[in-house]
Amino acid sequence: MEKFYLIDYLKVQTKEPPQGISFHKLCQKVNAEFIRDWENGKDNLDSALRIQKKAIIGYENEVSFFKSRIHELIKKFNAEQASFPSWYQSLEDGIYQENWGLAGVSEWFNDKFKESSSAKIIGDRIYFLENGQMCLKPQTITKDRREQMIRSFLLLTPEERLDKEFHEIYMLDGTRVTIYGGSMTKKGQDVIIFRRYIIPRYSFEEQAARGTIPWNSIQLLQAMVNLGFNLAFTGAVRTAKTTFLATWQSYEDRSLEGVMVETDPEIPIHTFMPDAPIMQIIADNEKLKHLSKNLLRSDADYFIMAEARDGIALDTAVKLASKGTRRIKITFHTRDPLDFSYDVAFEIIKSLGGDLESTSKKVAASFDYIFHFIQLKNKNQKRLKSIHELGIDRNTREITIKEICRYNHKTDDWSWNCIISEDKKRMGEEENPESLEVFKRELAALSYQEGFQDDDTN
């Protein structure tokens, strides 16, 4: 049996970590060890680079590989007790994030900030959206590290050139990363914006709990889903348009065939409607130009044109509606829903030509309701500002737009107006008579309880 010497045991147990080693020095030493391993062939170089690439863009197994090796090196350097910045979860996490991960902005991805929808890097400064305000964080990030981070992000999109001044990509968890640099920003003030959707469950109840819609409107909205109206969700940037579209979509009949066209992969429809036969197509203006004819010949039951920004997408939606397609949904940036028909028509004729007046009437005939959203002073707070019924007067052939719901800023509640045109009633009778009765009953009840305080029905 090997002899046991107490003095040797105590020496090992009381061995002190290197004096004066800083966190950043430790990061450098660990990084140097990784480079030495790869250069000396301890790890196959191609395999190591593949692991590094996957770790950088967030694959858990590869991140775990890095952290496991970092842990070994920390023990090797006898640096287990080394201090690290408070915004990191552990010493291993801090070293990984500083060398290969998201540096100080990685804190935004922790549970502590799961309700924050946005983070920004401006120059060397880092900001998180907290309680509706952008807050400056104590951590900073150097220019070299920002450039390394951008190169890492571009691994997600190999077709993106590094020398471009603008990039928009999506991380594995769906976070959108927007990058501005070069001559687009002042020297040393390049920008990286992180944005994510923080709605944990796509439901009207969740929207009501967040104050976006009134609780007593849920039955009415569910009936409107069943009636298959063509809808536009409008508002400025960051007003929850896309989130509400996804929420609405989650109530659709899962036996119906759908096609969703996006310019960016924002709505994870396959995660909350995995059993529904919905095609998801990513296409920008040029790609959509070639796809539009095929879409028009499609036998899908409905279409979603998320983030309809250009005339091609909008024209496709209008043409689909003119064929009699129901349940069309789009989101569209506009300040005033009263201008919706003309704003959409302008985008169409700008891309494809035509007459503004006649095109705007085609738009009005294509959509049944406009849901308009706003953001309050507290940027985490969104509100349904109004619902307008849209259509064409059968006698005068003029555009009609009638407000049936209005948000009251002073009282933070909603007023209602019981208006349902004969066209909408006829559509409802054809699509779902039972839901039409619910819609009529609920709108009448809401109008009786919380009707408009004036006679303005647009």
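Throughout this document, residue positions are counted from 1 along each chain, in the order its sequence is written. pLDDT decides what is reported in this predicted model: residues at 70 or higher carry local features, side-chain atom pairs at 80 or more are listed and counted, and totals for whole chains, interfaces and linings draw on all residues regardless. To obtain the side-chain values, all non-hydrogen atoms of the structure were included, while hydrogens and water were left out.

A.B. asks: Would you mind going over the pairing of strand S11 (residues 329–333) with me for this structure?
C.D. replies: Where a strand is regular, its side chains alternate between the two sheet faces. For S11, a buried count of four out of five residues is recorded, marking the element as mostly surrounded by other parts of the structure. Pairing of strand S7 (residues 231–235) with S11 involves five bridges; the strand directions are parallel. For glycine 235, the partnering residue across the bridge sits in S11 and is histidine 333. In terms of strand pairing, strand S10 (residues 302–305) meets S11 through two bridges, oriented parallel. Following the sheet pairing, methionine 305 is matched in S11 by isoleucine 330. With strands facing away from the observer, any crossover in which the path from the first strand over the helix to the second runs clockwise is taken as right-handed. Here a strand is any run of E in DSSP of at least two residues, a helix any run of H or I of at least four, and the numbering for each starts at the N terminus. You can see the chain leave S10, run along helix H12 (residues 311–322) and come back into S11, and the turn it takes is right-handed. Throughout this description, buried means an accessible area under 20% of the type-specific maximum (1.4 Å probe, protein chains only), exposed means over 50%, and partly exposed covers the range between. Following DSSP output, two strands are said to pair if at least two bridges run between them.

A.B. asks: How should the side chain of asparagine 230 be read in this particular structure?
C.D. replies: Within the secondary structure layout, asparagine 230 lies in the loop between helix H8 (218–227) and S7. Look at asparagine 230 and you get buried, because its relative accessible area is 1%. A 3.5 Å cut-off defines polar contacts: any pair of N or O atoms within that distance qualifies, except that in protein one atom must be a possible hydrogen donor and the other a possible acceptor, and neighbouring residues in sequence count only when both atoms are side-chain atoms. Side-chain polar atoms of asparagine 230 contact the backbone nitrogen of isoleucine 328, separated by 2.9 Å. Two residues form a contact once any of their heavy atoms are found within 4.5 Å. Those residues in contact with asparagine 230, other than ones at most four positions away along the chain, are Ala321, Thr325, Arg326, Arg327, Ile328, Ser366, Phe367, Asp368 and Tyr369.

A.B. asks: Is there a simple way to explain the nonpolar core in this structure?
C.D. replies: Soluble globular proteins tend to bury their nonpolar side chains together. Definition used in this section: a nonpolar core is a set of buried Ala, Val, Leu, Ile, Met, Phe, Trp, Tyr and Cys residues joined via side-chain atoms within 4.5 Å. Membership of the largest hydrophobic core comes to 46 residues, with the highest contact counts inside it found for Leu221, Met224, Phe244, Trp248, Tyr369, Phe371 and Phe439. For this core, the leading source of residues is H8, giving seven residues. Leave out the neighbours within four places in its chain, and phenylalanine 439 touches Leu220, Ala223, Met224, Leu227, Phe229, Tyr369 and Ile420. Listed in part, the 44 residues of the second largest apolar core include Leu26, Val30, Ala103 and Met171.

A.B. asks: What is the right way to look at the sheet that holds strand S8 (residues 258–262) in this model?
C.D. replies: Pairing between sheet strands relies on hydrogen bonds along the backbone, with the strands arranged either parallel or antiparallel. Reading across the sheet, the nine strands line up as S9-S8-S10-S11-S7-S12-S13-S14-S15 and stay open at both edges, with mixed pairing between neighbours. A single partner strand is all that each edge strand has here, and the edge strands are strand S9 (278–282) and strand S15 (413–416). Each strand of the sheet is rotated relative to its neighbour by a mean of 20°, with strand direction disregarded. By the bridge criterion, four bridges tie S8 to S10 in an arrangement that is parallel. Paired with valine 261 across the two strands is methionine 305, which belongs to S10. All axes are obtained by fitting lines to C-alpha atoms, using only the stretch in contact for helices, and the reported angles, taken between N-to-C directions, cover 0 to 180 degrees. Against the sheet, helix H9 (residues 241–249) touches S7, S9, S10, S11 and strand S12 (369–375), its axis set at about 170° to S11.

A.B. asks: What should I look at first to understand the packing of helix H2 (residues 23–39) against helix H5 (residues 91–99) in this one?
C.D. replies: When two helices pack together, their arrangement is captured by the angle between the axes and the distance separating the axes. At a minimum axis separation of 10 Å, H2 and H5 run at an interaxial angle of 70°. In terms of orientation, H2 and H5 fall into the roughly perpendicular class. Of the residues in H5, those in contact with Phe23, His24, Leu26, Cys27, Val30 and Asn31 of H2 are Leu91, Gly94, Ile95, Glu98 and Asn99. Residue type decides the class: Asp, Glu, Lys and Arg count as charged, Ala, Val, Leu, Ile, Met, Phe, Trp, Tyr, Cys and Pro as nonpolar, and the leftover types, Gly among them, as polar. Its residues assigned to classes, the contact of H2 with H5 shows six nonpolar, four polar and one charged. Angles below 35 degrees are treated as roughly parallel, those above 145 as roughly antiparallel, those between 65 and 115 as roughly perpendicular, and all remaining angles as oblique.

A.B. asks: Please clarify how unusual backbone geometry should be interpreted in this entry.
C.D. replies: Leaving glycine aside, a negative phi is the common case for residues, and trans is the common case for peptide bonds. One non-glycine residue with positive phi stands out, namely alanine 240, at about 75°. Under the relative-accessibility criterion, alanine 240 is labelled buried at 14%. Positive phi outside glycine occurs at arginine 327, with the angle close to 60°. You can see arginine 327 is positioned in the loop between H12 and S11.

A.B. asks: Explain the environment of valine 191 here, please?
C.D. replies: Among the secondary structure elements, valine 191 is positioned in strand S6 (residues 191–195). Looking at valine 191, the relative accessible area reads 14%, which means it is buried. The sequence separation of valine 191 and glutamate 159 amounts to 32 residues, and the corresponding C-alpha distance is 21 Å. Beyond its immediate stretch of four places on either side in the chain, valine 191 contacts Ile121, Ile122, Thr178, Ile179, Tyr180 and Thr185.

A.B. asks: Explain the sheet that holds strand S3 (residues 133–140) to me, please; I cannot follow it from the model alone.
C.D. replies: Pairing is antiparallel across the open sheet formed by six strands, whose spatial order is S3-S2-S1-S6-S5-S4. Every interior strand has two partners, whereas the edge strands, S3 and strand S4 (166–170), have only one. If you compare each strand with its neighbour and ignore which way they point, the axes differ by 20° on average. Both S4 and strand S5 (residues 176–180) contribute to a ladder of five bridges, which runs antiparallel. Paired with glutamate 168 across the bridge in S5 is threonine 178.

A.B. asks: Just checking my understanding: could you explain the packing of aromatic side chains for this structure?
C.D. replies: Here the distance between the centres and the angle between the planes together describe a pair of aromatic rings. Pairs were defined over the aromatic rings of Phe, Tyr and Trp, the Trp ring being its six-membered one, requiring ring centres within 6.5 Å. Orientation was assigned from the angle between planes: stacked under 30 degrees, edge-to-face over 60, tilted for the rest. Here the structure, examined in full by the defined rule, presents 31 aromatic pairs. Between phenylalanine 204 and tryptophan 248, the aromatic rings sit 5.9 Å apart at their centres with planes inclined by 75°, giving edge-to-face as the arrangement. Taken together, the residues phenylalanine 204 in helix H7 (residues 204–209) and tryptophan 248 in helix H9 connect sequence positions 44 residues apart. Residue phenylalanine 204 is classed as buried on the basis of its relative accessible area, which comes to 0%. Accessibility expressed as a relative area gives 1% for tryptophan 248, which makes it buried.

A.B. asks: Would you take a moment to explain the confidence of the model for the chain for this structure?
C.D. replies: Looking at the chain as a whole, its pLDDT mean stands at 87, while 92% of the residues score no less than 70. For every residue, the predictor assigns a confidence score, pLDDT, that lies between 0 and 100. Every residue in residues 4–18 scores below 50 in pLDDT, and together they form six contacts with partners more than four places removed in sequence or on other chains.

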